[in-house]
Amino acid sequence: MTVTDAGGAVDAVWRIESARIIAGVARIVRDVGLAEELAQDALVAALEQWPESGVPKNPGAWLMTIAKRRAIDLIRRKETYQRKLAEMGHELEIDGESVEDDVEAILEDHIEDDLLRLVFTACHPVLTMDARVTLTLKLLGGLKTDEIARAFLAPEPTIAQRIVRAKRNLAKAGVEFEVPSGPDLLDRLSSVLEVVYLIYNEGYSATAGDDWMRPALANEAMRLGRLLVELMPTEPEVLGLLALMELQSSRAGARTGPDGEPVLLLDQDRRRWDRLLIRRGLEGIDRAWALEKPPGPYLLQAAIAACHARAADPEDTDWARIAGLYAVLAQVAPSPVVELNQAVAISMAFGPARGLEAVDLLADEPSLKDYHLLPSVRGDLLFKLGRYAEARAEFEKAAGLTRNERERKLLLERAAVSEAEM
């Protein structure tokens, strides 16, 4: 096997197995930063050995074994091996070759628990949201620093420093490598879901740059969502978030035209929507409702997305139901953005004049001051009411606020159409 072939194999295995390896090692050393370093040591060992020995039959297990042995060696060197074993609640032989095998046997059955601990640690509220997102992609997504930097259009040194600071802050705050219990679980779970959805949204509708979408980020968020469903299959919001991402992603192939230009929802060719993702999303919603727990914001948003997914034609969309779901969502998770979306649904269900009344109630909302979708929605409603000069001004304002080049071009085109109608 050539060095190039081995390197490609190592990269592929790392992307798939890195989260489990880091989680398994973190259970021994109780420090995610140190666990990642030891996992990286195993990666280096693979790059050194696999070109000569070939890729092992179970490469993930090979990396896990090497990383865990490095962890055990480290504990021995720090003379805390006895204490660590006591914490694990086992009497193990200290001398002799059986120690590593015993630890392997103890830890192998706990990999799902370890992954869940890693999820809650990487998304801990003690970190800033930027740090949570970056650390989640690094530890759970297996992305390299330069890949994260490219995804978020940030300098690589900035991302590298953010990762270092995040690990340092976790250690400084004494964050336990554990899954919280009781009321703390729901509080922390909301942070986990927020991180995953933020990653998804950046992939689904990029906030800046030349691309309308960044599919790699959206796909990574869905992979994390599926992992969470595996780990927490009876949490409606976990099921709801995955369903929401799958239903939104089902439209990806129809969201851009031949030159990459954005195609808005009502103009999309619905024959290009991914029926498999729609089916999976709808099944996820059914599973969530079957749990008979009060719906949270992700399940409600998934129910809204399902209304679009079920409509073969835009005219078939149940806008009155969508408006009602947004009203419930506004109660569960109050937000001016939710109210803006509700206004759009009202306009579709009951006419643009009613929608404009609802939008104008948000005109003085401070949090929407620089939000480009407020003037964009207002411009659309004014256009439908034949108030073309006002519509043009709103589209131009929205174009000045967005940081996405594709979206800016679309808004300026709408402004030009408004001017032509004057």
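Residues numbered from 1 in each chain as written. Predicted model: local features only at pLDDT ≥ 70, side-chain atom pairs only at ≥ 80, totals over all residues. Heavy atoms only, no water.

Novice: I'm lost on the overall build of the chain in this one. Help?
Specialist: When helices and strands are tallied, the chain shows 20 helices and 2 strands. In the chain, buried positions account for 50% of the 422 residues. Of the contacts made within the chain by residues no fewer than 6 positions apart, 65% connect residues no fewer than 24 positions apart. (Helix = DSSP H or I, 4+ residues; strand = E, 2+ residues; numbered from the N terminus. Buried < 20%, exposed > 50% of the residue type's maximum accessible area, 1.4 Å probe, protein only. Contact = heavy atoms within 4.5 Å.)

Novice: So what exactly am I meant to see when it comes to unusual backbone geometry here?
Specialist: Residues apart from glycine generally show negative phi values, whereas peptide bonds are mostly found in trans. Located in the positive-phi region is Arg30, a residue other than glycine, with phi close to 60°. Topologically, Arg30 is positioned in the loop between helix H1 (3-29) and helix H2 (32-53). For Glu292, which is not glycine, the phi dihedral falls at a positive 55°. By the secondary structure assignment, Glu292 is in the loop between helix H13 (275-290) and helix H14 (297-310). Accessibility expressed as a relative area gives 72% for Glu292, which makes it exposed.

Novice: Help me understand the packing of H2 against helix H3 (residues 59-77), please; the structure alone is not making it clear to me.
Specialist: For any two helices packed against each other, one specifies the inter-axial angle together with the distance between the axes. For the pair H2 and H3, the least separation of the axes is 8 Å and the interaxial angle reads 125°. Classified by the angle their axes make, H2 and H3 are oblique. Between H2 and H3 lies a crossing whose hand is right-handed. For the pair formed by H2 and H3, the contact residues are Leu34, Leu38, Ala39, Asp41, Ala42, Leu43, Ala45, Ala46, Gln49 and Trp50 on the first element and Pro59, Trp62, Leu63, Ile66, Ala67, Arg70, Ala71 and Leu74 on the second. Taken together, the residues that form the contact of H2 with H3 break down as 15 nonpolar, 1 polar and 2 charged. (Axes fitted to C-alpha atoms, helices over the stretch in contact; angles between N-to-C directions. Parallel < 35°, antiparallel > 145°, perpendicular 65-115°, else oblique. Left-handed = near helix turned anticlockwise from the far one by under 90°. Nonpolar A, V, L, I, M, F, W, Y, C, P; charged D, E, K, R; others polar.)

Novice: Would you mind showing me how to read the nonpolar core here?
Specialist: Buried together is how nonpolar side chains tend to be arranged in soluble globular proteins. Judged by nonpolar contacts, the single largest core of 91 residues is most densely connected at Leu118 and Met245. Setting aside residues up to four positions removed in sequence, Met245 forms contacts with Val196, Tyr197, Tyr200, Ala221, Met222 and Gly225. Core analysis: the next-biggest nonpolar cluster, separate from the first, contains 31 residues, Ala303, Ala330, Ala391 and Leu411 among them. (Core = buried A, V, L, I, M, F, W, Y, C linked by side-chain atoms within 4.5 Å.)

Novice: Teacher, can you tell me more about empty space enclosed by the protein here?
Specialist: Vacant regions in the atomic arrangement are exposed by a probe of water-molecule size rolled over the atoms. A complete count under the given rule lists 1 cavity of 30 Å³ or more for this structure. Estimates place the volume of the largest cavity at around 40 Å³. Lining the largest cavity are Val119, Cys123, Thr136, Leu140, Val192, Val196, Leu224, Leu227 and Leu228. Where the lining of the largest cavity is concerned, the elements lending two or more residues are helix H10 (183-204) and helix H11 (215-231). (1 Å grid on protein atoms, 1.4 Å probe; cavity = no way out; pocket = protein on both sides within 12 Å on 5 of 7 lines; lining within 4 Å. Points joined across faces, edges and corners; volume = space filled by probe spheres on them.)

Novice: Would you take a moment to explain the side chain of Arg27 for this structure?
Specialist: Note on placement: Arg27 falls in helix H1. On the accessibility criterion, Arg27 (16% relative accessible area) is buried. Polar contacts involving the side chain of Arg27 include one to the side chain of Asp114, which spans 3.3 Å. (Polar contact = N/O pair within 3.5 Å; in protein donor to acceptor, adjacent residues only side chain to side chain.)

Novice: Could you clarify how one ought to interpret the packing of aromatic side chains in this entry?
Specialist: Taken as a whole, this structure holds 4 aromatic pairs when the rule is applied. Centroid distance Tyr197 to Tyr200: 6.2 Å. Interplanar angle 5°. Geometry classified as stacked. Within this pair, Tyr197 and its partner Tyr200 are both found in helix H10, separated by 3 residues, close to a single helical turn. Residue Tyr197 shares its accessibility class with Tyr200, and that shared class is buried. Residues Tyr197 and Tyr298 carry aromatic rings whose centres are separated by 5.6 Å and whose planes lie at 85° to one another, so their mutual orientation is edge-to-face. Placement of Tyr197 in helix H10 and of Tyr298 in helix H14 is noted, with a sequence separation of 101 residues between them. Each member of the pair, Tyr197 together with Tyr298, is buried. In textbook terms, an aromatic cluster arises when at least three aromatic residues are bridged by ring pairs, as seen for Tyr197, Tyr200 and Tyr298. The ring of Trp273 carries Arg251 above its face, with NZ or CZ at 5.9 Å from the centroid. (Phe/Tyr/Trp six-rings, centres within 6.5 Å; stacked < 30°, edge-to-face > 60°. Lys NZ or Arg CZ within 6 Å of the ring centre and 35° of its normal.)

Novice: Looking at this model, I keep getting lost on the confidence of the model for the chain. Mind explaining?
Specialist: Atom-level detail of predicted coordinates should not be read off regions where pLDDT is low. Summary statistics for the chain give a mean pLDDT of 85 and a share of 87% for residues scoring 70 or more. Contacts for the low-pLDDT stretch residues 90-109, under 50 throughout, to residues beyond four places or in other chains number 34 contacts. With pLDDT under 50 throughout, residues 206-213 is counted as low confidence; its partners more than four residues away or in other chains account for 36 contacts. (pLDDT = per-residue confidence, 0-100.)

Novice: Would you mind going over the packing of H13 against H14 with me for this structure?
Specialist: Look at H13 against H14: their axes get within 10 Å of each other, and the N-to-C directions meet at 140°. As summarised for this structure, H13 and H14 are arranged oblique, according to the angle between their axes. H14 is crossed by H13, and the crossing has left-handed handedness. Packed against H13, whose contacting residues are Arg275, Ile278, Leu282, Ile285, Ala288 and Trp289, the element H14 presents Leu299, Ala302, Ala303, Ala306, Ala309 and Arg310 at the interface. Each residue belonging to the contact of H13 with H14 can be placed in one class, and the counts come to 10 nonpolar, no polar and 2 charged.

Novice: Mind showing me how you'd approach the pattern of salt bridges here?
Specialist: When the charged atoms of two side chains lie near each other, side chains of opposite charge can form a pair. Within this structure, the stated rule accounts for 18 salt bridges. Note that Asp114 and Arg117 form a salt bridge whose closest N and O atoms lie 3.0 Å from each other. Note that Asp114 and Arg117 are positioned in helix H6 (residues 111-122) at a spacing of 3 residues, about one turn of the helix. Judged by its relative accessible area of 1%, Asp114 falls in the buried class. Given the relative accessible area of 18%, Arg117 is considered buried. (Salt bridge = Lys/Arg side-chain N within 4 Å of Asp/Glu carboxyl O.)

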